[in-house]
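Breakdown of the fold
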Amino acid sequence: MIVRTLQDSEKTDRRIVSPDGNWESMRLLLKNDGMGFSFHITTIYAGADFQMHYQHHLESVYCIAGEGEVETLNDGERYSIAPGTLYILDKHDKHRLRAFTEMKMACVFNPPLNGQEVHNAEGAYELTAEPVTD
Ligand code: 9YT
């Protein structure tokens, strides 16, 4: 069994701060754990408004705290996000996220992230990122 805490992981390279200034993410469970998915606790900063398109990954996002909305860009549909909301990007949906307040999200990725991924110009993660070292 593996046990990790958010508090311990904050001091390691599991904490990824996005260079675009929109979010930071604690990558608690990653590819090298062998589970077939990765699990992250992500903070979206208040006022963040940005696009993502996970062309190589499926992602589910559960809101623990905060308020915002997500828009699917193929049809312009907007969905409110509040504590208890889960959105599921089952079609590699291109989407835009707006954080009205700081939001805490639990995120699951399949295939799992290696560890050091940040968004490329399309808002995707490459499959070739470096693993964490701890
Ligand atoms: C909600 C979302 O996709 N935010 C971007 C960061 C991502 N969840 C991650 O890398 O943990």
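Before reading further, recall that the structure is shown in the block above.
The following refers to the structure shown. (Residues numbered from 1 in each chain as written. Predicted model: local features only at pLDDT ≥ 70, side-chain atom pairs only at ≥ 80, totals over all residues. Heavy atoms only, no water.)

With that settled, consider the side chain of Thr42. Mapping Thr42 onto the fold places it in strand E3 (residues 38-44). The buried category is assigned to Thr42, whose relative accessible area is 7%. Reaching out from Thr42, the side chain makes a polar contact with the side chain of Ser25 at a distance of 2.9 Å. Residues in contact with Thr42, not counting those within four places in the same chain, are Trp23, Glu24, Ser25, Met103, Lys104, Met105 and Cys107. (Helix = DSSP H or I, 4+ residues; strand = E, 2+ residues; numbered from the N terminus. Buried < 20%, exposed > 50% of the residue type's maximum accessible area, 1.4 Å probe, protein only. Polar contact = N/O pair within 3.5 Å; in protein donor to acceptor, adjacent residues only side chain to side chain. Contact = heavy atoms within 4.5 Å.)

Within the secondary structure layout, Gly66 lies in the loop between strand E5 (58-65) and strand E6 (68-72). Judged by relative accessible area, Gly66 falls into the buried class, the value being 15%. Beyond its immediate sequence surroundings of up to four residues, Gly66 is in contact with Ile81, Ala82, Pro83, Thr101, Glu102 and Met103.

Read these as layout, nothing more, since geometry by itself doesn't imply function.
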